[in-house]
Each structure stands twice: as structure tokens, then as C-alpha cells.
Amino acid sequence: MIQKLVFHQFTLQNQKVQDKIILSYQLFGQKLGKAPVVLVNHALTGNSQVIGESGWWNSLIGEGKTIDTDQYTILAFNVPGNTYQDQENSIENYKDFTVADIAAAFWKGVESLQIEKLYAAIGGSLGGAIAWQMAIQEPEKISHLIPVATDWKSTDWLMANVLVQDSILNNSKNPIADARMHAMLLYRTPQSLQFKFNREKQPDSDLFQIESWLLHHGDKLQKRFQLSAYKLMNHLLRTIDITNGNGNFEKTVEKVTSEIHIVAVDTDYFFTADENLKTYENLKKLGKKVNWHQIESIHGHDAFLIEFEQLNTILKDIFNK
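What you are looking at is a predicted structure, and each value in this text was computed from that prediction instead of being measured. (Residues numbered from 1 in each chain as written. Predicted model: local features only at pLDDT ≥ 70, side-chain atom pairs only at ≥ 80, totals over all residues. Heavy atoms only, no water.)

Caption draft 1: Examining the side chain of Asp268 more closely. Inspection of the secondary structure puts Asp268 in the loop between strand E9 (259-265) and helix H9 (273-285). Put simply, Asp268 is tucked away with no salt bridge, and the nearest opposite charge, on Arg188, sits 10 Å away. For Asp268, the side chain forms a polar contact with the main-chain nitrogen of Phe270, separated by 2.8 Å. Within the local environment of Asp268, its side chain forms a polar contact with the backbone nitrogen of Phe271, the two atoms lying 3.0 Å apart. (Helix = DSSP H or I, 4+ residues; strand = E, 2+ residues; numbered from the N terminus. Buried < 20%, exposed > 50% of the residue type's maximum accessible area, 1.4 Å probe, protein only. Lys, Arg positive; Asp, Glu negative; His and termini not counted. Salt bridge = Lys/Arg side-chain N within 4 Å of Asp/Glu carboxyl O. Polar contact = N/O pair within 3.5 Å; in protein donor to acceptor, adjacent residues only side chain to side chain.)

Right under this line is the structure:
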């Protein structure tokens, strides 16, 4: 069940004041206050429905699964403005917002729910970047930080693609569908698409299966996602940077007490493994509790949603404690 918190006069990182921020959320598993809390942050087109019917991480979370709902309370916020089950909760001034603002809103939500500490904060892609930012804002309140297929910063490659996506969203006649088709090519690899489609055509059609697949994903997202939400979520990718206003990387992570579990994908074009490996090595030099894991897959960025057996193997020891 969706529940809501409302924060009035919310000050953004740019010092502009938002009259009202609506933070909706869902709880799963054990009753709040009776078990350790695991915060799950959703990705760009995701939402708080992490398990159950249409749950996007059923392969990882549930009864008897790696993140066991018999042992943990699962908390999932919706990024304000993603309009999940609330079409009125849109944000038009999307360029005023940053990942740091979303992280701050999530912490206000955690505080409002009277949660003193998170056992874990986990998220893939944009959700993992929000988890990184949360760890910087409250460096002693997350026991296990688990950023999956993400990074603590936006690279030049990522910012370039955000610009292309923003241009499509503001200029196309079919903005959501067209932007989604472009984005799907960033989430996969040439090898993944070749493996999946092998240049085959649709039965009784001149349309190649890859073309049909892209058109389907564009149409599917257009039916369930608002344009304002896509613009906001895409823009947030550009603003990922835990060091913004905090000094260099070393100074920024100095006070973080979390055990950090970096999970990269070897073929990820969106948040590359080599950048994540540099982060791991830097954290090691600083004496931080950090672990390196890599999913091996031909599927690229989306492997964190596809290679569930590898991800379960990586995470089981964290959640079996």
C-alpha cells in the first residue's frame, strides 16, 4: 500500500525553496520497528513496487529469498516527481533538483518514520547513486552501503547521453517513446542484442525483431510514464556527484562508517566497471571497509536486473548475518 509524507518549505541544494515535496513510500516484510530496515532505491523508470505483482526485484527480495522479508523490513521511497500512482505529483522545474536533494528527502522520510539506522541501503543505477549520496549526508546511519551498477559521479559519457535524452524529451513528437528507444541501446550491448535477436525478422513482416522490441519498449513506457517524470529522472543522472560542495573524494568519504559493497557489471556502458574499480582501490587506500564484486554478462547495464543468480550469490552473505 502506498503511503505519503508531505514536507513543506523544502530547501533545495541551489537554495530555492519548494513549497511542498510529496514523498510516497511502501513497506514490505516485517513490521516497522520489529526488524532491521533495508532501504531499496529504484532506478530511472522504476518505483516503490519492489516485490509482489509487477515487483521489479522479485528475484532478490521476498520470503526465503536473499533479502528475506521474514527477517527484514523493506522500505522503498518513490523519487518525488516520478508520479507513481499519483499523476498529480509532478515536478515541472526539474532542472532545479539534484540527486543530493532526493537523498535529503529520503533522509527526512527515514526520520519521519522514526528509523534510527538502516541495516542496508541498496539500489541499482540511479537508485544506487542516491544511496551513495545518502551515505555522505548521514555517514554513520547505514551499516551496509550497496551501490549496484552505478557510480558516485556522472562521467562525461553519462552527461553526454543525458543531454541527448533531454533534447529528445523536449523536441520529439513522441518524446517518451523515442527517448526510451535510445536509452534501451545504452542499457544493453551489441553482443546482447545479437544474442537475443540474431538479425531475425518478425513472422510475416519486414520488421526486424530488434526494431519490434524497441518499438514495444517505447510504447510500453509511454503508456505508464509521464513526460515530466522522465525529464526529471533523466536530469538527475547528470547531477550525480557526492563531492559537490564537500571537497575532494578523500575528504568527502572520510566520515563514512558503512561497509561498502561495490557491485559492477563488466560490460556496463552506462556506469563502467573500470570507474567503479578505481573507486574501490581509492577506498581501500583510505582504509575503508569496502568489497569489490563484478557481475559478468553480455547484457550490459541491465545485467543487474537480468543476472539475478549472480547478484544473489554476491549479496547472500551480507543478508545472512
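Caption draft 2: Representation of empty space enclosed by the protein within the structure. This structure, assessed with the given rule, holds 1 cavity of 30 Å³ or more. A volume near 50 Å³ is recorded for the largest cavity. If you go around the largest cavity, the residues you meet are Leu44, Leu158, Asn161, Val162, Gln165, Ala183, Leu186, Tyr187, Asn234, Leu237 and Phe270. Elements represented by at least two residues in the lining of the largest cavity include exactly helix H3 (156-171), helix H4 (175-187) and helix H7 (227-238). Looking at the lining of the largest cavity element by element, the count peaks at 4 residues for H3. Along the lines of polarity and charge, the residues of the lining of the largest cavity split into 8 nonpolar, 3 polar and no charged. (1 Å grid on protein atoms, 1.4 Å probe; cavity = no way out; pocket = protein on both sides within 12 Å on 5 of 7 lines; lining within 4 Å. Points joined across faces, edges and corners; volume = space filled by probe spheres on them. Nonpolar A, V, L, I, M, F, W, Y, C, P; charged D, E, K, R; others polar.)

Caption draft 3: Region of interest: helix H2 (residues 126-137). The end-to-end C-alpha distance of H2, which contains 12 residues, comes to 17 Å, matching closely the 16 Å that a straight helix rising 1.5 Å per residue would cover. Burial of H2 is extensive: 11 of the 12 residues sit out of reach of the surface. (Expected span 1.5 Å × (residues − 1).)

Caption draft 4: A look at the pattern of salt bridges. Tallied over the entire structure, the rule returns 9 salt bridges. Between Lys16 and Asp96 there is a salt bridge; the shortest N-O distance is 3.1 Å. With Lys16 in the loop between strand E1 (3-11) and strand E2 (17-29) and Asp96 in the loop between strand E6 (73-77) and helix H1 (99-112), this pair connects stretches of sequence that are 80 residues apart. Assessed through its relative accessible area of 17%, Asp96 is described here as buried. For the salt bridge of Glu138 with Lys141, the shortest nitrogen-to-oxygen distance reads 3.9 Å. Members of the salt-bridge network, linked through shared partners, are Asp151, Lys153, Glu275 and Lys278.

Caption draft 5: Layout of the layout of surface pockets. In this structure, the largest pocket spans a volume of roughly 760 Å³. Along the wall of the largest pocket there are 27 residues; nearest its centre are Thr45, Trp56, Arg180, Arg224 and Leu305. The element that contributes the greatest number of residues to the lining of the largest pocket is helix H6 (residues 209-224), accounting for 4 residues. Considering only residue class, the lining of the largest pocket consists of 12 nonpolar, 10 polar and 5 charged. As for the second largest pocket, its lining consists of Ile136, Pro139, Asn246, Lys251, Thr252, Glu254, Lys255 and Val256. Residues belonging to the lining of the second largest pocket are distributed by class as follows: 3 nonpolar, 2 polar and 3 charged.

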